[in-house]
Amino acid sequence: MRFRKYLVRSWLTWIFIFTGVTYLTLNNLDSFEWPLFWFIYTLGALFVMNPLKRRHLHFTFHEMFVFITFFLYGLAPALLMGQLLLFTFQARAFNRKVGRRRFFHFYPLNTAIESLIVLLPGLAYIGLGGQIGAPVHLMQQGVAMLAFLVALFLVLMMSFALSYFMVGERIPLPIMWRLLRFDWLVVSLELLFTMIAIESYLEFGYVGLIVPFFVLSVLKMTMSKATETEETKSKVDQVERLKEQLYRVDSEQLLIEKFWNGLCDIVEVERGWLQVNRKGERTFYDMTGRVIPNVPDAFTIERYQDEDEPCFVYDSLHEWHPELHRQQRELHHSALIIQPVWGAETAVSCMVSTTANGAYETPIAVEVNRLLKTLSWSIERIDERSHLQRESLTDPLTGLHNQRALKRWTKERLNDVASYPLSLLLIDLDHFKSINDTYGHAFGDEVLIEAGQLFIRNVRTTDLVTRYGGEEFVFVFPRMDESAAHLVGEKIREALKQHDFGTEGKRITVTASIGIETIYEYEDLDTVLRHADRAMYVGAKFNGRDRVAHYHDLSKEVR
């Protein structure tokens, strides 16, 4: 597996640290004042239950309680306190599959960082003569405290290198620098409150620890709101504006393109796909809105669908479902997955990912989930409108286009110079009334349906075939001159004559009279139809039927 070497490194490191902490704890049991130790742990546990998150890193502020334990009792109790608080933090996500995978991959790394945060600064402090144990006044430990602070900052910088070594986590330098600055701010605050808390404890006992706890809690909440709320609110507003835009779009292609353009403005996206599932008929789109082949990720997500979690946020590739990250060709860490969101008949699902860690947040994932609900409704609305439009432009009996479609389609072609020369054929089935009278209207309808199918097989995909009314059909051929139109008319006439219409018990031959008009520049549709109709009646019907006549030939005869 891709991460096997990292898992081996991580858990070997954890075994070493666990053995060391256990050994130190057992050999320093006499230095523990257990009631105060568990009181400090309780306060710290309350902190780790509500961390402040930056990208994929969680800032719990629990190091303050580890520092308090160190300055009051020494390294062994502080190491134990750190590991207990860390385990409490990690265990809070055990109820989720992603949380369990995160624990499996990241707990050893966090254990190592937690130990170093206490061990190296603590050794530097003790090495420079820093005092441990009550009563200790940290303001009087100037040089030793400075060494503690410097060593602490070095450990914070080392933690990113350790993260790369143990779990292969790559963090871009600009993002790492921002996280490091915030980490320094948090640790500086924790150290400041450690000094205040110890002085308060020496003066007021247990109550003295509670007051800094509440003050730091308020400060942490303020920092969280100041840094997260504004950014999250901005993204939520962007999602709402995007929803409004999607409501107004009437084309599915444009809808998909607007969705991707808007989503890429809201979150980081390097790879992504969108699936539209209409009653089992799946269409996949890439980030440009183009249709792509089936994506294995989508079937994996549906196979392991969790109704309790409509969306997943993966901060690192280690957290992905094993089957998902086996399918990835790129080394993407962050992923945002929205499981199928159903409208009335259409489901929409989506997955985006990027190489950076911690690029997505759960509140934004929830908003994107709602955005996909809007997308699903919009697609259904477009489908319904398209269906109604198709019905209004389609002859219900033959399935061919009708007069309305003829007028709309031909208007566009007549205004396009690239369509000329343009030919129009008007076909009338000969003696159709006698077919209805002899065999019945149901049989006559079958003949019309079969004729329509035969006509479609004998024209180009760029041509238009319409049922004009009754037994009349109109063909429009862009970029077809007079001689070519005459050849096509003869081909259709012959195919019609050679075809046996009806069921096995009733087979008849049907002929047709065909009139043609060809124009080389703009002419209104009514005039073209009138000329083709005259060619059909005068040139074909009046000359014995079952023939093709062109209006130009007819007009020459008149002259």
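Just above, that's the structure.
Rules used in this analysis
Residues numbered from 1 in each chain as written. Predicted model: local features only at pLDDT ≥ 70, side-chain atom pairs only at ≥ 80, totals over all residues. Heavy atoms only, no water. Helix = DSSP H or I, 4+ residues; strand = E, 2+ residues; numbered from the N terminus. Rg over C-alpha atoms; globule rule 2.2 N^0.38 Å. Buried < 20%, exposed > 50% of the residue type's maximum accessible area, 1.4 Å probe, protein only. Core = buried A, V, L, I, M, F, W, Y, C linked by side-chain atoms within 4.5 Å. Contact = heavy atoms within 4.5 Å. Pairing = 2+ DSSP bridges. Phe/Tyr/Trp six-rings, centres within 6.5 Å; stacked < 30°, edge-to-face > 60°. Lys NZ or Arg CZ within 6 Å of the ring centre and 35° of its normal. Salt bridge = Lys/Arg side-chain N within 4 Å of Asp/Glu carboxyl O. Patch = residues over 30% accessible without salt bridge, like charges linked within 9 Å, V, L, I, M, F, W, Y side chains within 5 Å. Areas by Shrake-Rupley, 256 points an atom, 1.4 Å probe, with all protein chains shown as cover. Lys, Arg positive; Asp, Glu negative; His and termini not counted. Charge placed at Lys NZ, Arg CZ, Asp CG, Glu CD. Axes fitted to C-alpha atoms, helices over the stretch in contact; angles between N-to-C directions. Left-handed = near helix turned anticlockwise from the far one by under 90°. Parallel < 35°, antiparallel > 145°, perpendicular 65-115°, else oblique. Nonpolar A, V, L, I, M, F, W, Y, C, P; charged D, E, K, R; others polar. Disulfide = S-S within 2.5 Å.

J.: Go over the overall build of the protein chain, please, and point to the residues and values.
T.: Along the protein chain, the regular secondary structure elements total 18 helices and 15 strands. Relative to its length of 559 residues, the protein chain is extended, with a C-alpha radius of gyration of 39 Å against a globular reference of 24 Å. By principal-axis analysis of the C-alpha atoms, the protein chain measures approximately 125 × 45 × 35 Å. Sorting the 559 residues of the protein chain into buried and exposed places 53% on the buried side.

J.: Mind laying out the nonpolar core, listing which residues take part and the relevant values?
T.: Formed by 61 residues in total, the largest nonpolar core has its most connected members in F65, I68, F71, Y125, L138, F148 and L209. Going through the elements one at a time, helix 1 (4–27), helix 2 (34–48), helix 3 (63–73), helix 4 (75–91), helix 5 (97–127), helix 6 (142–167), helix 7 (173–204) and helix 8 (206–247) are the ones with two or more residues in this core. It is helix 7 that provides the largest number of residues to this core, a total of 13 residues. In contact with Y125, not counting residues within four places along its chain, are F70, F71, G130, Q131, I132, V136, L138, Q141, A144, M145 and F148. Core analysis: the second largest hydrophobic core is formed by 33 residues, V249, V276, I338 and L371 among them.

J.: I'd like a description of the pairing of strand 9 (residues 422–429), backed by residues and values.
T.: A large share of strand 9 lies buried, amounting to eight of its eight residues. Burial along strand 9 is two-sided: L422, L424, L426 and D428 facing one way and S423, L425, I427 and L429 facing the other are all buried. Pairing between strand 9 and strand 14 (residues 512–519): eight bridges, direction antiparallel. Residue S423 lies in a different strand from strand 14, and its bridge partner there is T518. As defined by bridge partners, strand 9 adjoins strand 11 (residues 472–477) across six bridges and the pair is classed as antiparallel. Residue L426 lies in a different strand from strand 11, and its bridge partner there is V474.

J.: Describe the packing of aromatic side chains, and please don't skip the residues or the numbers.
T.: In this structure the tally under the stated criterion is 26 aromatic pairs. Ring centres 5.9 Å apart and planes at 25° place the aromatic pair F70 and F148 in the stacked group. Here F70, found in helix 3, pairs with F148, found in helix 6; they are 78 residues apart in sequence, far enough to count as distant. One exposure class covers both F70 and F148, and it is buried. With 5.3 Å between their ring centres and 70° between their planes, F213 and F214 make a pair best called edge-to-face. Taking relative accessible area as the criterion, F214 reaches 51% and is therefore assigned exposed. An aromatic cluster of three or more residues is present, and its members are F67, F70, F71, Y125 and F148. One Lys or Arg, R413, reaches over the ring of W409 and ends 3.9 Å from the middle of that ring.

J.: Which residues make up the sheet that holds strand 6 (residues 311–314), and what values do they have?
T.: Spatial strand order, 5-4-3-8-7-6: six strands in an open sheet with antiparallel pairing. The open sheet has two edge strands, strand 5 (291–292) and strand 6, and neither has a second partner. Of the strand pairs in this sheet, strand 6 and strand 7 (residues 334–342) are connected by four bridges, and their pairing is antiparallel. Following the sheet pairing, Y314 is matched in strand 7 by A335.

J.: I'd like a rundown of the pattern of salt bridges, residues and numbers included.
T.: Summed over all chains, the structure comprises 21 salt bridges. The residue D463 makes a salt bridge to R460 at a minimum N-O spacing of 2.7 Å. Owing to a relative accessible area of 34%, R460 belongs among the partly exposed residues under this scheme. A salt bridge links K497 to D546; the shortest N-O distance between them is 3.1 Å. With K497 in helix 16 (residues 482–498) and D546 in the loop between helix 17 (525–540) and strand 15 (548–550), this residue pair connects regions lying 49 residues apart in the sequence. What you see here is one network of salt bridges that share partners, running through E490, R493, E494, K497 and D546.

J.: Residue-level account of a negative patch on the surface, with values.
T.: A surface patch of negative charge is lined by E521, E523, D524 and D526. Note on placement: E523 falls in the loop between strand 14 and helix 17.

J.: Please give an account of the environment of L192 that cites residues and values.
T.: Here L192 is to be found in helix 7. A sequence separation of 35 residues divides L192 from M157, and the C-alpha atoms of the two residues are 20 Å apart.

J.: Give a description of the packing of helix 2 against helix 4 that names residues and reports values.
T.: Where helix 2 meets helix 4, the closest approach of the two axes is 10 Å, and the angle between their N-to-C directions is 35°. You can see that helix 2 and helix 4 cross each other, and the crossing is right-handed. Packed against helix 2, whose contacting residues are W34, F37, W38, I40, Y41, G44, A45 and V48, the element helix 4 presents P77, L80, M81, L84, L85, T88 and F89 at the interface.

J.: Got a sec to walk through the packing of helix 2 against helix 3? Specific residues and values, please.
T.: Put simply, helix 2 and helix 3 touch, their axes get as near as 9 Å, and they point 165° apart. In this view, helix 2 runs roughly antiparallel relative to helix 3, as classed from their interaxial angle. Every pair of crossing elements has a handedness; the one defined by helix 2 and helix 3 is right-handed. For the pair formed by helix 2 and helix 3, the contact residues are L36, F37, I40, L43, G44 and F47 on the first element and F65, I68, T69, L72 and Y73 on the second. Split into classes, the residues belonging to the contact of helix 2 with helix 3 amount to nine nonpolar, two polar and no charged.

J.: Mind laying out the environment of F89, listing which residues take part and the relevant values?
T.: Mapping F89 onto the fold places it in helix 4. Owing to a relative accessible area of 11%, F89 belongs among the buried residues under this scheme. Sequence separation between F89 and N50 is 39 residues; the distance between their C-alpha atoms is 9.0 Å.

J.: Residue-level account of the state of the cysteines, with values.
T.: Counting across every chain of the model gives zero disulfides. Free cysteine C350: the closest other cysteine sulfur is in C264, separated by 9.4 Å.

J.: For the sheet that holds strand 11, give the residues involved together with the corresponding values.
T.: Strand order in this open sheet of five strands is 10-11-9-14-15, and the pairing throughout is mixed. Where the open sheet ends on each side, the last strands, each with one partner, are strand 10 (464–469) and strand 15. The sheet shows a mean angle of 20° between the axes of neighbouring strands, direction not considered. Lying on the sheet, helix 13 (residues 403–414) is in contact with strand 9, strand 10, strand 11 and strand 14; it crosses strand 10 at an angle near 135°. Its contacts with the sheet put helix 17 on strand 9, strand 10, strand 11, strand 14 and strand 15, and the angle it makes with strand 14 is roughly 140°.

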